[in-house]
Amino acid sequence: MNDNKVEFKNQNIYLEDRKKLSITGVEQVESFNDNTIVLFTVRGGVTIKGEELNISKLNLDDGNVKIDGEINGIVYNNKTSSSKGNILGKMFK
């Protein structure tokens, strides 16, 4: 049994008033800035678009992320997409 990595089975997204976003089942934060946050979850990639985005809580041990800011969109990506590919390949998919 591998004690270093916790296995998550569920991935939930809770959005409150388009201002507060909580996501469970997060395995990795790929990138973030004020307008875009890219995460990998147990169900695949998630891209959050908005304005003045801020990761207010990040705990990869329990798989929880909390994001504040103006949430304008949430895009789900294919589970097979991962950090193995290069950034240009991801941009032109």
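What counts as what
- Residues numbered from 1 in each chain as written.
- Predicted model: local features only at pLDDT ≥ 70, side-chain atom pairs only at ≥ 80, totals over all residues.
- Heavy atoms only, no water.
- Helix = DSSP H or I, 4+ residues; strand = E, 2+ residues; numbered from the N terminus.
- Pairing = 2+ DSSP bridges.
- Axes fitted to C-alpha atoms, helices over the stretch in contact; angles between N-to-C directions.
- pLDDT = per-residue confidence, 0-100.
- Contact = heavy atoms within 4.5 Å.
- Core = buried A, V, L, I, M, F, W, Y, C linked by side-chain atoms within 4.5 Å.
- Buried < 20%, exposed > 50% of the residue type's maximum accessible area, 1.4 Å probe, protein only.

Asker: Describe the environment of Glu-16, and please don't skip the residues or the numbers.
Answerer: Note that Glu-16 resides in strand β1 (residues 13–16). Placed 55 residues apart in sequence, Glu-16 and Ile-71 show a C-alpha to C-alpha distance of 9.6 Å.

Asker: Please set out the environment of Arg-43 residue by residue, giving values where relevant.
Answerer: Tracing the backbone shows Arg-43 in the loop between β4 (36–41) and β5 (44–59). Sequence separation of Arg-43 and Gln-11 is 32 residues, and the distance between their C-alpha atoms is 6.5 Å.

Asker: Quick rundown of the sheet that holds β1? Include the residues and the values.
Answerer: Taken in spatial order, the six strands line up as β1-β2-β6-β5-β4-β3 in an open sheet, and their pairing is antiparallel. Looking along the sheet, the strands with just one partner apiece sit at the ends: β1 and β3 (26–32). Going from strand to strand, the sheet's axes swing by 45° on average, the running direction of each strand aside. Strand direction decides the pairing type here: β3 and β4, joined by five bridges, are antiparallel. When the bridges of β4 are listed, Gln-28 appears paired with Phe-40.

Asker: Kindly report on the confidence of the model for the protein, identifying the contributing residues and their values.
Answerer: Atomic detail in the predicted coordinates should be set aside for any region of low pLDDT. The predicted model of the protein averages 84 in pLDDT, with 75% of residues at 70 or higher. The element-level mean pLDDT for the protein is lowest in helix α1 (residues 87–91), coming to 52, with strand β2 (residues 20–23) highest at 97. Confidence drops under pLDDT 50 across residues 81–85; counting only partners more than four residues distant or on other chains, this segment forms nine contacts.

Asker: Tell me what's going on with the nonpolar core, and back it up with residues and numbers.
Answerer: Counting twelve residues, the largest nonpolar core is built from Leu-21, Ile-23, Val-26, Val-29, Ile-37, Leu-39, Val-46, Ile-48, Leu-53, Val-65, Ile-67 and Ile-71. Taken together, the elements giving at least two residues each to this core come down to β2, β3, β4, β5 and β6 (64–76). In this view, Val-29 contacts Val-38, Leu-39, Ile-55 and Leu-58; residues no more than four positions away in its chain are not counted.

Asker: Tell me about the pairing of β1, and name the residues and values.
Answerer: In terms of strand pairing, β1 meets β2 through four bridges, oriented antiparallel. Bridge pairing in β2 places Tyr-14 opposite Ser-22. In sequence, β1 turns back onto β2 through a hairpin of three residues, with Asp-17 there showing a positive phi of about 55°.

Asker: Explain the pairing of β5 residue by residue, including any values.
Answerer: Pairing between β4 and β5: six bridges, direction antiparallel. In the strand pairing of β5, Ile-37 is matched with Ile-48.

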